[in-house]
Amino acid sequence: SPELELRKTAIRAIPNRGEDADLDVLLPLYDSERDADLKDFILSAIGHYKNQRAYQKLMQVVRTPSEPLERRKRAISALSQSKDPVVLKFLEDMLK
């Protein structure tokens, strides 16, 4: 939908279903979205998932220097909620 508020509402609703297959929608949507505000909403939605695909996307956002600093911080915040050893190692390596 071209209406921003409707798109935000739809994006917020996707993680409520709790299905990992929803990442099939969110991940490519994040990559193709041009609106910065909407991209932030999508990243927040991805951060609700606790699996490798979501973690990989969040780590990619953190590693990408062209991503805005605030968005990269948001991705780190989402990753910090994980107990996954790969994520913990990633965060530890960032401190070195």
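Read on for a plain summary of the structure. For every chain, the first residue of the written sequence is number 1, and numbering continues from 1 along that sequence. Restriction of local features to residues with pLDDT of at least 70 applies here, the model being predicted, together with a cutoff of 80 or more for giving and counting side-chain atom pairs; totals for whole chains, interfaces and linings are based on all residues. Excluded from the side-chain calculations are hydrogens and water; all other atoms, namely the structure's heavy atoms, are used.

Take the overall build of the protein chain next. Looking only at helices and strands, one finds six helices and zero strands in the protein chain. In terms of C-alpha radius of gyration, the protein chain reaches 13 Å, essentially the compact-globule figure of 12 Å for 96 residues. With the principal axes as the frame, the protein chain shows a C-alpha extent of 45 × 30 × 15 Å. Going through the 96 residues of the protein chain one by one, you find that 39% of them count as buried. A sequence separation of at least 24 residues applies to 53% of the contacts in the protein chain between residues at least 6 apart. Only DSSP runs of H or I covering at least 4 residues are called helices, and only runs of E covering at least 2 are called strands; the numbering of each starts at the N terminus. Using C-alpha atoms as the atom set, the radius of gyration is obtained and then compared with a globule rule of 2.2 Å times the number of residues to the power 0.38. Burial classification: accessible surface area is computed with a 1.4 Å probe over protein chains only, and a residue below 20% of its type maximum counts as buried, one above 50% as exposed, and the rest as partly exposed. Note on definitions: a residue-residue contact is assigned when non-hydrogen atoms from the two residues lie within 4.5 Å.

With that settled, consider the side chain of Asp40. Tracing the sequence through the fold places Asp40 in helix α3 (residues 36–46). Leave out the neighbours within four places in its chain, and Asp40 touches Arg71 and Arg74.

Grouped together as the largest cluster of nonpolar side chains are 24 residues, with contacts concentrated most on Leu23, Leu26, Ile46, Leu58 and Leu79. Looking at this core, the element that brings in the most residues is helix α4 (residues 52–63), giving six residues. When residues no more than four places from it in sequence are discounted, the contact partners of Leu79 are Tyr55, Leu58, Met59, Val62, Val87, Phe90 and Leu91. Nonpolar cores are built from buried Ala, Val, Leu, Ile, Met, Phe, Trp, Tyr and Cys residues. Side-chain atoms within 4.5 Å join them into one set.

Working definition: a ring pair exists when centres of Phe, Tyr or Trp rings (six-membered ring for Trp) sit within 6.5 Å. Plane angles under 30 degrees give stacked, over 60 give edge-to-face, the rest tilted. This model, assessed by the stated rule, comprises zero aromatic pairs. Note on geometry: a ring has a charge over it if NZ (lysine) or CZ (arginine) is within 6 Å of the ring centre and within 35 degrees of the ring normal. The ring of Tyr30 has Lys39 sitting right over it, with the charged end atom 4.4 Å from the ring centre.

As a further point, take the environment of Asp40. For Asp40, a relative accessible area of 19% translates into the label buried. Along the backbone, Asp40 and Tyr30 are ten residues apart, and their C-alpha atoms lie at a distance of 8.7 Å.

In this section: the packing of helix α1 (residues 4–13) against α3. Working convention: axes come from line fits to C-alpha atoms, limited for helices to the stretch in contact. Angles between N-to-C directions cover 0 to 180 degrees. Running from N to C, α1 and α3 cross one another at 10 degrees; their axes reach a closest spacing of 9 Å. Taken as axis vectors, α1 and α3 run roughly parallel relative to one another. Contact residues: α1 offers Leu4, Arg7, Lys8, Ile11 and Arg12, while α3 offers Asp37, Leu38, Phe41, Ile42 and Ala45. Amino acids outside the nonpolar list (Ala, Val, Leu, Ile, Met, Phe, Trp, Tyr, Cys, Pro) and the charged list (Asp, Glu, Lys, Arg) are all regarded as polar, and Gly is one of them. The residue makeup of the contact of α1 with α3, split by class, is six nonpolar, no polar and four charged. Just so you know how the angles are binned, under 35 degrees is roughly parallel, over 145 roughly antiparallel, 65 to 115 roughly perpendicular, and the rest oblique.

All right, on to the environment of Asp37 then. Among the structural elements, Asp37 can be located in helix α3. When the C-alpha atoms of Asp37 and Asp22 are compared, they prove to be 20 Å apart, with 15 residues separating the residues in sequence. Sequence-distant contacts of Asp37, defined by excluding residues within four places in its chain, comprise Leu4 and Lys8. Whenever two N or O atoms come within 3.5 Å, that pair is a polar contact, provided that in protein one can donate a hydrogen and the other can accept it, and provided that, for residues adjacent in sequence, both atoms are side-chain atoms. Polar side-chain contacts of Asp37 include one of 2.5 Å to the side chain of Lys8.

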